[in-house]
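Architecture and fold: a report
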Amino acid sequence: MALGYGAYFGLSWTLALREPSTQVLALVSSEGVPVGRTIILRDGRALVVLKAPRPSGRVYQAWGLGEGAPIPLSTFRLPLKTFRLPPEVKALAVSLEPPGGSRRPTDIIGLPRP
């Protein structure tokens, strides 16, 4: 059953890449090194895929970017995560944070780049 769900999950995101309204953004470090990608669908769903596992004792945290300050989104431990974005969010950034997350990003590891 898990294999079937995994295949469906992968196929649904792959098919979404055909839609003209789908945004695919690279996530890059402050040095310009690619660390992952985000896929943002027109309906507000987003997928984050990161290249490397997180360091021990830290969690990833997603940040919604739009007008004004970054909006804290959920934390996650695996380098793959889906989100439902608030309407004002146009892109995502990712940081490393202490368990439980932060109100403001402290160690940004990935900023969006088209």
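Scroll up a little and you will see the structure.
This one's a predicted model, so the numbers in the text were calculated from it and none came from an experiment.

Right, let's get into the sheet that holds strand β8 (residues 107-113). By way of backbone hydrogen bonds, the strands of a sheet pair with one another, either parallel or antiparallel. Sheet architecture is open: eight strands sit in the order β5-β4-β7-β8-β1-β2-β3-β6, paired in antiparallel fashion. Strands at the two margins of the open sheet, each flanked by one partner only, are β5 (71-76) and β6 (80-84). Averaged over all pairs of adjacent strands, the angle between their axes in this sheet comes to 25 degrees, without regard to strand direction.

Below, the discussion takes up the nonpolar core. Among the nonpolar cores identified, the biggest contains 19 residues, and Val48, Phe76, Phe83, Leu85, Leu92 and Val94 are the most heavily contacted of them. Counting residues per element, this core draws most heavily on strand β7 (residues 91-97), at four residues. Core analysis: the next-biggest nonpolar cluster, separate from the first, contains five residues, Trp13, Ala16, Ile39 and Leu41 among them.

Okay, the packing of aromatic side chains next. Following the criterion strictly, the structure yields two aromatic pairs and no others. Seen from the ring of Phe83, Lys81 lies directly overhead, with NZ or CZ sitting 5.8 Å from the centre.

Attention now moves to the pattern of salt bridges. A full pass over the atoms with the stated rule returns two salt bridges. Asp43 serves as the salt-bridge partner of Arg45, at 2.9 Å between the closest nitrogen and oxygen. Notably, a salt bridge pairs Asp107 with Arg58, separated by 3.9 Å at the nearest N-O pair. Placement of Asp107 in strand β8 and of Arg58 in the loop between β3 (45-50) and β4 (59-65) is noted, with a sequence separation of 49 residues between them. Classification of Asp107 as partly exposed rests on a relative accessible area of 33%.

In terms of burial, strand β2 (residues 34-40) is a largely internal element, five of the seven residues being buried. Across six bridges, the pairing between strand β1 (residues 23-28) and β2 is antiparallel. Looking across to β2, one finds that Ala26 is bridged to Arg37. Looking at chain direction, β2 and β3 are connected through five bridges and run antiparallel. Across the sheet, the residue bridging to Arg37 is Val49, located in β3.

So, how was this worked out
- Residues numbered from 1 in each chain as written.
- Predicted model: local features only at pLDDT ≥ 70, side-chain atom pairs only at ≥ 80, totals over all residues.
- Heavy atoms only, no water.
- Pairing = 2+ DSSP bridges.
- Helix = DSSP H or I, 4+ residues; strand = E, 2+ residues; numbered from the N terminus.
- Axes fitted to C-alpha atoms, helices over the stretch in contact; angles between N-to-C directions.
- Core = buried A, V, L, I, M, F, W, Y, C linked by side-chain atoms within 4.5 Å.
- Buried < 20%, exposed > 50% of the residue type's maximum accessible area, 1.4 Å probe, protein only.
- Phe/Tyr/Trp six-rings, centres within 6.5 Å; stacked < 30°, edge-to-face > 60°.
- Lys NZ or Arg CZ within 6 Å of the ring centre and 35° of its normal.
- Salt bridge = Lys/Arg side-chain N within 4 Å of Asp/Glu carboxyl O.

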